[in-house]
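# Overview (structure and organization)
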Amino acid sequence: MKLFATYRGAVASTLILTTFAMLAWLAQSPPVHALSFVMSLGLAWLAYALFFAGQELSPFTLRWATACAIAVRVAGIWSHPVYEDDWARYLWDGFRFLADGTPYGTPPLSYVDDASLTPAWRAILAQINNPEIPTIYAPSLQYVFAASAWIAPASLTALKSLFLVFDLGLWALVARLGGYRAGLRYALCPLVIFEISFNAHADVVGAFLTVASFALLGKGRSIKSGLAFGLALACKPFAIIIAPSFVRSRWCLVSLGAGAALAALYAPFILKGATEQAGLQYFAQWFEFNSFGFAVLKEACGDPAARILGLALGCGLSGALVLRWLLKERGTFPPADTWLIALLLFAPVINPWYLLWAVPWASLRPNPLSWSIFPAISLAYLTAGVIGIADRGFYDHPAWVRPLEVFTAAAIYLSAVWAVPLVRTMRSGKTELRSQL
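The following refers to the structure shown. Residue positions are given per chain, counted from 1 along the sequence in the order it is written. This being a predicted model, a pLDDT of at least 70 is required before a residue's local features are given, and a value of 80 or more before pairs of side-chain atoms are given or counted; all residues contribute to the totals for chains, interfaces and linings. Excluded from the side-chain calculations are hydrogens and water; all other atoms, namely the structure's heavy atoms, are used.

### Structural notes on the overall build of the protein chain
As a reminder of what qualifies: Starting at the N terminus, helices and strands are each numbered in turn, a helix being any DSSP run of H or I of at least four residues and a strand any DSSP run of E of at least two. Both definitions apply: the radius of gyration is a C-alpha atom measure, and the globule rule equals 2.2 Å times residues to the power 0.38. When accessible area is computed with a 1.4 Å probe and restricted to protein chains, residues below 20% of their type maximum are described as buried, those above 50% as exposed, and intermediate ones as partly exposed. What makes two residues a contact is simply this: any of their non-hydrogen atoms within 4.5 Å.
Looking only at helices and strands, one finds 20 helices and zero strands in the protein chain. At 22 Å, the protein chain has a C-alpha radius of gyration in line with the 22 Å of a compact globule built from 437 residues. Taking the principal axes of the C-alpha coordinates as reference, the protein chain spans close to 85 × 55 × 50 Å. When each of the 437 residues of the protein chain is scored for burial, the buried share is 49%. Residue pairs in contact within the protein chain that sit at least 24 positions apart in sequence constitute 76% of those at least 6 positions apart.

Following this line, the structure appears as structure tokens:
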């Protein structure tokens, strides 16, 4: 038993690596069976919980875990994405940016009959979802997509490699702010590994910039912090979760930097006549996926009203949590993960990769709520198309999926706050009794 406790972390990190290596192997011949997917991620999360079950980690374990965290990312880079095709839009946007000077204004469907397209670009065009809608991705991301297209046109490997740079940078930032253990909490997180290295989601860029903005603010570099914040906002509005940290700092300088970054990014595209607003407007009006509070509101008051009310409720709940932090806990790491979760609770779309913005903050300031939701959210991939239900739309959820997400998160949360502490108390009591005897 003592030997297992000594090497527990090494065994757990090896198991995470092995599980994802197996998933990468399965992904070489898509589609991956839904049961294989659930078992792979479930086993990875169990190994992750095992790794952090104890308080102390030996130097050997830390070094080995670091090696495993790097190796599993390499395995993911060479894997085909699992149940995801957003990467095709990323590659296409980068291609159009270099070719036309802007990725905005013209939907991919307009290029179906373009005789100048190479077979490689035709193959990517055929994999873009909703090709009739102009891109929804903001300027900061578009420059990353363009860099990928410049380095290696039509290459998913090049795109993943760029995202890996931001991923490793975010790992380093978390470790610098919260210590080695916090860094591994981020680096070994199965949600992070799956959504970035495997599925090539661009949210890691904004998450990195948001944490970088916070780190720069802590060093008193207000203008640079603002520049990073502006770049993050030009990835996704989720970056707003870090804005409360600017209160009582030199927020005027931060705002100046953010405004300068946004102006520099958007001005060229505005002058060319289009930004991501056209695509975002369609997305905001019509899309729904994996919603919770919004689904209830929609049943109660209809779709258009539910979107407005959901936004108000999400902002109100998040604002209340922000106010509590400002009044009672200021001086600690901001619980930006819970602020984001509160915003998403009533959102019409909750994709698993949205929580990449929350993982760094939950790594710096662990709480059972976020770490209960992270494992459960990936169950959203179990759509009718993935499971093989022929009479439903590919992205429709069977009626049991969202209740299963809630049940999984609740079970993990109760285990963390009740069952595990109870077992530890019972064990300590037995140890004390034995010492008295």
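### A look at a positive patch on the surface
Here is the rule: Surface patches are defined over residues having more than 30% relative accessible area and no salt bridge, joining like charges when they lie within 9 Å and nonpolar side chains (Val, Leu, Ile, Met, Phe, Trp, Tyr) when within 5 Å. Under the convention used here, a 1.4 Å probe and the Shrake-Rupley method define accessible areas, while residue burial counts only the protein chains that appear. Salt bridges are counted wherever a side-chain nitrogen of Lys or Arg sits within 4 Å of a carboxyl oxygen of Asp or Glu. Counting rule for charge: Lys and Arg are taken as positive, Asp and Glu as negative, and neither His nor the chain ends is counted. Just so you know, the charge point we use is NZ for Lys, CZ for Arg, CG for Asp and CD for Glu.
On the surface, a cluster of positive charge is contributed by Arg 176, Lys 219, Arg 221 and Lys 224. Checked against the element boundaries, Arg 176 lands in helix α7 (residues 156-178). For Arg 176, a relative accessible area of 64% corresponds to the exposed category.

### So, the pattern of salt bridges
The final tally for this structure, using the stated rule, is five salt bridges. Between Asp 100 and Arg 96 there is a salt bridge, with its nearest N and O atoms 2.9 Å apart. Linking Asp 100 with Arg 96, this pair stays in helix α4 (residues 86-100), spanning four residues, or about one helical turn. Given a relative accessible area of 9%, Arg 96 falls into the buried group. Between Lys 236 and Asp 203 there is a salt bridge, with the nearest N and O atoms lying 2.8 Å from each other. With Lys 236 in the loop between α11 (222-233) and α12 (251-272) and Asp 203 in helix α10 (residues 203-218), this pair connects stretches of sequence that are 33 residues apart. Note on accessibility: Lys 236 and Asp 203 belong to one class, buried.

### Examining the packing of aromatic side chains
Under the convention used in this document: The pairing test for Phe, Tyr and Trp rings, Trp by its six-membered ring, is centres within 6.5 Å, and the orientation test on the planes gives stacked under 30 degrees, edge-to-face over 60, and tilted for anything in between.
All told, the structure shown has 37 aromatic pairs when counted by the stated rule. Measuring from centroid to centroid gives 5.4 Å for Trp 92 and Phe 95, while their planes differ by 70°, and the two rings are edge-to-face. On the criterion of helical spacing, the pair formed by Trp 92 and Phe 95 is a turn pair, its members being three residues apart in helix α4. Here Trp 92 and Phe 95 have matching classes, each one buried. Between Phe 214 and Phe 333, the aromatic rings sit 6.2 Å apart at their centres with planes inclined by 50°, giving tilted as the arrangement.

### What about the packing of helix α6 (residues 139-151) against α12?
Keep this limit in mind: Lines fitted to C-alpha atoms define the axes, with helix axes restricted to the stretch in contact, and inter-axis angles between N-to-C directions lie between 0 and 180 degrees. When an angle is under 35 degrees it counts as roughly parallel; over 145 it counts as roughly antiparallel; between 65 and 115 it counts as roughly perpendicular; any other value is oblique.
Where α6 meets α12, the closest approach of the two axes is 9 Å, and the angle between their N-to-C directions is 80°. By the angle class used here, α6 and α12 are roughly perpendicular. Within the contact between the two elements, α6 uses Pro 139, Ser 140 and Tyr 143 and α12 uses Leu 265, Tyr 266 and Phe 269.

### Comments concerning the packing of helix α14 (residues 293-301) against helix α15 (residues 303-329)
Our working definition: Each crossing gets its hand from how the near helix is turned against the far one by less than a right angle, where anticlockwise is left-handed and clockwise is right-handed. The classification used treats Ala, Val, Leu, Ile, Met, Phe, Trp, Tyr, Cys and Pro as nonpolar, Asp, Glu, Lys and Arg as charged, and all other residues, Gly among them, as polar.
It is at 8 Å that the axes of α14 and α15 come closest, and there the two elements cross at 135°. Judged on the interaxial angle alone, α15 and α14 are oblique. Helix-helix and strand crossings are classified by hand; for α14 and α15 the assignment is right-handed. Residue-level contacts link Phe 294, Leu 297, Lys 298 and Cys 301 of α14 to Asp 303, Ala 305, Ala 306, Arg 307, Leu 309, Gly 310 and Leu 313 of α15. Counted by class, the contact of α14 with α15 contains seven nonpolar, one polar and three charged residues.

### Observations regarding unusual backbone geometry
Cis geometry marks the peptide bond from Pro 30 to Pro 31, where omega comes out at 5°. Tracing the sequence through the fold places Pro 31 in the loop between α1 (2-27) and α2 (34-51). Phi at Ala 154 takes a positive value of approximately 60°, unusual for a residue other than glycine. Mapped onto the elements of the fold, Ala 154 is located in the loop between α6 and α7.

### Concerning the environment of Val 82
Tracing the backbone shows Val 82 in the loop between α3 (59-77) and α4. Considering only alpha carbons, one finds Val 82 and Ile 377, 295 residues apart in sequence, at a separation of 15 Å. Once residues within four sequence positions are removed from consideration, Val 82 is found in contact with Ala 27, Val 32, Phe 37, Phe 194, Asn 199 and Tyr 381.

### Side note on a nonpolar patch on the surface
A cluster of nonpolar side chains, contributed by Leu 369, Tyr 413, Leu 414, Val 417 and Trp 418, occupies part of the molecular surface with about 500 Å² of accessible area. If one sorts the elements of the nonpolar patch by residue count, helix α20 (residues 401-436) sits on top with four residues. By the secondary structure assignment, Val 417 is in helix α20.

### Some details on α14
Just so we agree on the cut-off: Of all possible arcs, the one meant is that of the directions from the helix axis to the C-beta atoms.
Within α14, burial applies to Gly 293, Phe 294 and Leu 297. In an axial view of α14, the angular spread of the buried residues amounts to 90°, which keeps them on one side of the axis. Opposite the buried face of α14, at more than 90 degrees from it, the exposed residues are Val 296 and Glu 299. For α14, the secondary structure elements touched by its buried residues are α15 and α16 (336-345). Just downstream of α14, Gly 302 is the residue with a positive phi angle, here 90°.

Fair warning: the whole summary comes from geometry, so function is off the table for now.
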